[in-house]
Amino acid sequence: MKKFFSLGLVLIMASILFSNCSNGVTLATYSDGKKNHSVTIGDVKEDVLKYLNFYPNIAGDVNWNKDFVFNARVLVDLIYFEEIKSGLTNSADFQSFFNSTYQKQYLLDLFKKGEEALKNPIEKAKYEVVKASHILLTANKMTNINGQTKELSEKDFQKVLADTAAKASSIVAQLKSSPRVETEFSNVASVQSQDYASARNGGDLGYFTKGMMVKEFEDAAFSKETKGLIDQPVKTSYGYHIIYVHQPKKKMNAGEIKSAAGTDNYSRIEPNFKQTYYKSDANNLKELYTLNTSNNTVGIGSKTYSINQIPDDAKILEVFGKTYTWKDAKDIILIYIPDFDEKLDAQNFDTQMGNLKYFVYHIEAAKKYGADKVNGFSNEQEKKKQDLLKRSIVQNFEKAFTVKAKETVTDEAIRNQYLSNKAVYTKEEKGKKITLSFKDAETRIRSELENAAIQKAFESWKTEIISKYKVTYNDNGFNALANLEKQELKKIENKRKKMEEQRKKEEKKRNQPQQMKVLPQTSK
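Residues numbered from 1 in each chain as written. Predicted model: local features only at pLDDT ≥ 70, side-chain atom pairs only at ≥ 80, totals over all residues. Heavy atoms only, no water.

For this particular structure, what's the right way to read the pattern of salt bridges?
Working definition: two side chains of opposite charge can pair if their charged atoms are close together. Scanning the model with the defined rule gives 33 salt bridges in all. For the salt bridge of Lys66 with Asp475, the shortest nitrogen-to-oxygen distance reads 3.1 Å. In this pair, Lys66 sits in helix 3 (residues 62-85) while Asp475 sits in helix 16 (residues 475-511), placing the two residues 409 residues apart along the sequence. When salt bridges that share partners are traced, they join Asp109, Glu380 and Lys384 into one network. (Salt bridge = Lys/Arg side-chain N within 4 Å of Asp/Glu carboxyl O. Helix = DSSP H or I, 4+ residues; strand = E, 2+ residues; numbered from the N terminus.)

Here's what the structure looks like:
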């Protein structure tokens, strides 16, 4: 297995959150000139042991462990020290990049806190629900003729629609005449409904709230005031629905719905509660604009603006008492969609404002309920900010280092490499090896030389940096880590062995011929 020796690993390992050194045996030490730093077994134990599941050969490999500790922990700190000394964090470009990156993370964390804060109010709120079944008769414009999918002519499609509508009306009439409509509905649905998922349950769709079904179906189901069959089939884009309402619309809270609907049905409904709740909370979410999609204009107050000419100070939202101007809105959207204002039309404006409303509603809810000030949120954010700063610095370092190393590869070097190694650059054509032309081989050669240049530059830099920051390894610590790995590997192997033995037992049991059970004879 290859050792971790390339710069590319830096960013992968930098994604691991940097924990404080825990108590344990020291593996490596280094100094930034002001403070001594160390890495212990406790710092890397969890990450190292994870690798054993995939690469058992590393168990006890001291050199592999040293490379891992250096790349995963030490290297990131050394890059951080170097870049801080170089003044990177004082540059306007870096500050702008970092502030935007941190703000993105901070707002997402605040959004999650808002979700937590709203959980209780959402569960206590009342939602209109209906429980219904349906029989679906599809009417498709596409048909299969002799194994080929073809589109029906408008005339033929209209005939299909008419025939389907007539069949649906016939079923409604049949059900109306039944003395046991609900039972008969279930029987017909299981045989004739073309919604095969619900047909298995007699057409039962369970409970649902508004926004979960297509509009025509939803309107019909929620408009029926009493239990029973809806008098006429309902046409939607899916075809014709014959609907039976088991529970007419009723307002219930989350607990009541869960009790009535059951766990499985409830888990399907629950995600809709958030959207329903926030849309209905008119007191805390107010749109201060009106959008006219026909002419790409927005009305704000008594004035109308083209979407591309909305003033920055125009007030467009009020959320939990806080007013958001157009600039406030753009600043948030641009963090996540950098080219938002370059593609601004009515549709894009409407889509992103819809997303923004939902997003800031939760952010302001977090602030209103004080969720951003509890459970160590501030301390957690400070730690995340420092971790993110390290990751951002490492990203900047890798980018600059890679560009600089690539610049050492010249066109002349690429051509010389080709001329000296033509036999290497070949391709298979009609069973024969053919030498590539320089034009065809150039991209491959450039990539090879650039990767070699990066590797060489990194190894040189690594040697220098290890000396500069006095990186030393504790062999006793690495021997202890090796023993720990070997012990863990034995556990993994024993566990796998037991699982394999269990698998074989079960397989043997399945393959055994089944004895026919004979009922004991009884005397007459």
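It is not clear to me how the packing of helix 3 against helix 16 should be interpreted in this structure. Could you clarify?
The description of two helices packed together rests on the angle between their axes and the distance between the axes. Axis separation between helix 3 and helix 16 bottoms out at 10 Å; the angle between their running directions is 110 degrees. Judged by the inter-axis angle, helix 3 sits roughly perpendicular to helix 16. On helix 16, the residues that touch Val62, Asn65, Lys66 and Val69 of helix 3 are Asp475, Phe478, Asn479, Leu481 and Glu485. In terms of residue class, the contact of helix 3 with helix 16 is made up of four nonpolar, two polar and three charged. (Axes fitted to C-alpha atoms, helices over the stretch in contact; angles between N-to-C directions. Parallel < 35°, antiparallel > 145°, perpendicular 65-115°, else oblique. Contact = heavy atoms within 4.5 Å. Nonpolar A, V, L, I, M, F, W, Y, C, P; charged D, E, K, R; others polar.)

Is there a simple way to explain the side chain of Glu83 in this structure?
Following the sequence through the fold, Glu83 ends up in helix 3. Buried and unpaired, Glu83 has Lys468 as its nearest opposite-charge partner, separated by 9.4 Å. Dropping the residues within four chain positions of it, Glu83 is found in contact with Leu88, Ile393, Asn396 and Phe397. (Buried < 20%, exposed > 50% of the residue type's maximum accessible area, 1.4 Å probe, protein only. Lys, Arg positive; Asp, Glu negative; His and termini not counted.)

Even after reading the chapter, I still don't get the nonpolar core, so can you show me in this structure?
Nonpolar side chains in soluble globular proteins tend to end up buried together. In this structure, Ile257, Leu317, Trp326, Phe349 and Met353 are the most contacted members of the largest nonpolar core, which totals 52 residues. For this core, the elements supplying multiple residues, two or more each, are helix 4 (92-124), strand 3 (127-138), helix 9 (254-261), helix 10 (263-280), strand 12 (297-300), strand 14 (315-319), helix 11 (326-336) and helix 12 (346-368). Examining the composition of this core, we find that 11 residues originate from one element, helix 12, more than from any other. Not counting residues within four places of it along the chain, the set of residues in contact with Trp326 comprises Ile310, Pro311, Asp312, Ala314, Ile316, Phe340, Leu344, Phe349 and Met353. Counting 42 residues, the second-largest nonpolar core is a separate cluster that includes Tyr102, Leu389, Phe401 and Ile465. (Core = buried A, V, L, I, M, F, W, Y, C linked by side-chain atoms within 4.5 Å.)

Can you walk me through unusual backbone geometry in this structure?
Leave glycine aside and you will find that most residues have negative phi; peptide bonds, for their part, are mostly trans. Despite not being glycine, Asn296 shows a phi value in the positive range, around 55 degrees. Examined against the element boundaries, Asn296 turns out to sit in the loop between strand 11 (289-292) and strand 12. Take Asn296: its relative accessible area is 33%, and that puts it in the partly exposed class. The backbone of Phe320 sits at a positive phi, close to 50 degrees, despite the residue not being glycine. Relative to the assigned elements, Phe320 resides in the loop between strand 14 and strand 15 (322-325). Take Phe320: its relative accessible area is 18%, and that puts it in the buried class.

How do you make sense of the sheet that holds strand 10 (residues 285-287) when you look at a structure like this?
Think of a sheet as strands paired side by side through backbone hydrogen bonds, with each pair either parallel or antiparallel. Taken together, the three strands give an open sheet; going across it, the order is 10-14-15, and neighbouring strands pair in antiparallel fashion. Strand pairing shows two members of the sheet lacking a second neighbour, strand 10 and strand 15, which therefore form its edges. Adjacent strand axes in the sheet meet at a mean angle of 20 degrees, parallel and antiparallel pairs treated alike. Two elements, strand 14 and strand 15, share four bridges in a ladder whose sense is antiparallel. Paired with Glu318 across the bridge in strand 15 is Thr323. (Pairing = 2+ DSSP bridges.)

All we've got here are geometric facts, nothing functional implied.
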